[in-house]
Amino acid sequence: MSRIGRVLMGVALTLAGIAGPAGAARADATGAACEVTYRAFRYTGGFTAGITISNTGTVAIYGWTFRFPLDTSATVVDMWNADLESDTGTIVAHDLGWNADVLPGKAIDIGFRADGTSGTPSSFTVNDLPCQVAA
């Protein structure tokens, strides 16, 4: 379904009282709309990372933008299950259409390969709402 179709579907569901506006994610009592599990695997000259993003909110997310900071020495050279918008500094990734809808209690997996080094990101957001980092 196209991004416009998802927006119209989200608006229709909102009018029907079923869910929040398209792209919405609502924070829970901790202030988080999602939970992130970040797993990095280092190798000489770079690293790969797997990321699981769980919707811990109370409404479905219809279309998402995911952001997180990496050290400026790292450059993302490949990303899977997401459309990469920026490859250094604050990494910005978008859904691919087929994985745009994330129901409450469900999760998506994305990942990337990067040159350079970086510690675990200090924060993550989905649609500008904070995500809790899984322990």
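1. Examining unusual backbone geometry
Working note: non-glycine residues mostly have negative phi, and peptide bonds are mostly trans.
Phase 1 of the analysis: Positive phi is not limited to glycine here, since N81 has a value of about 65 degrees.
Phase 2 of the analysis: Considering the arrangement of structural elements, one finds N81 in the loop between β5 (75-80) and β6 (83-86).

2. Describing the side chain of D95
Phase 1 of the analysis: Locating D95 in the fold gives a position in the loop between β7 (90-94) and β8 (101-102).
Phase 2 of the analysis: What makes D95 buried here is its relative accessible area of 4%.
Phase 3 of the analysis: Among the polar contacts made by the side chain of D95, one reaches the main-chain amide nitrogen of W64 at a distance of 3.0 Å.
Phase 4 of the analysis: Separated by 2.9 Å, the side chain of D95 and the backbone nitrogen of G97 make a polar contact.

3. What to know about the pattern of salt bridges
Phase 1 of the analysis: One pass over the full model with this rule turns up 1 salt bridge.
Phase 2 of the analysis: Between R67 and D128 there is a salt bridge whose closest N-O contact spans 3.0 Å. Separated by 61 residues along the polypeptide, R67 in strand β4 (residues 65-69) and D128 in the loop between β10 (125-126) and β11 (129-133) bring together distant segments of the chain.
Phase 3 of the analysis: Taking relative accessible area as the criterion, D128 reaches 57% and is therefore assigned exposed.

4. Thoughts on the environment of Y43
Phase 1 of the analysis: Looking at where Y43 falls in the secondary structure, it is placed in strand β1 (residues 34-43).
Phase 2 of the analysis: A relative accessible area of 37% means that Y43 is categorised as partly exposed.
Phase 3 of the analysis: Through-space distance from the C-alpha of Y43 to that of T117 is 9.5 Å; in sequence the pair is 74 residues apart.
Phase 4 of the analysis: Apart from residues lying up to four places away in sequence, Y43 is in contact with T48, R113 and A114.

Reading the values: rules and limits
Residues numbered from 1 in each chain as written. Predicted model: local features only at pLDDT ≥ 70, side-chain atom pairs only at ≥ 80, totals over all residues. Heavy atoms only, no water. Helix = DSSP H or I, 4+ residues; strand = E, 2+ residues; numbered from the N terminus. Buried < 20%, exposed > 50% of the residue type's maximum accessible area, 1.4 Å probe, protein only. Polar contact = N/O pair within 3.5 Å; in protein donor to acceptor, adjacent residues only side chain to side chain. Salt bridge = Lys/Arg side-chain N within 4 Å of Asp/Glu carboxyl O. Contact = heavy atoms within 4.5 Å.

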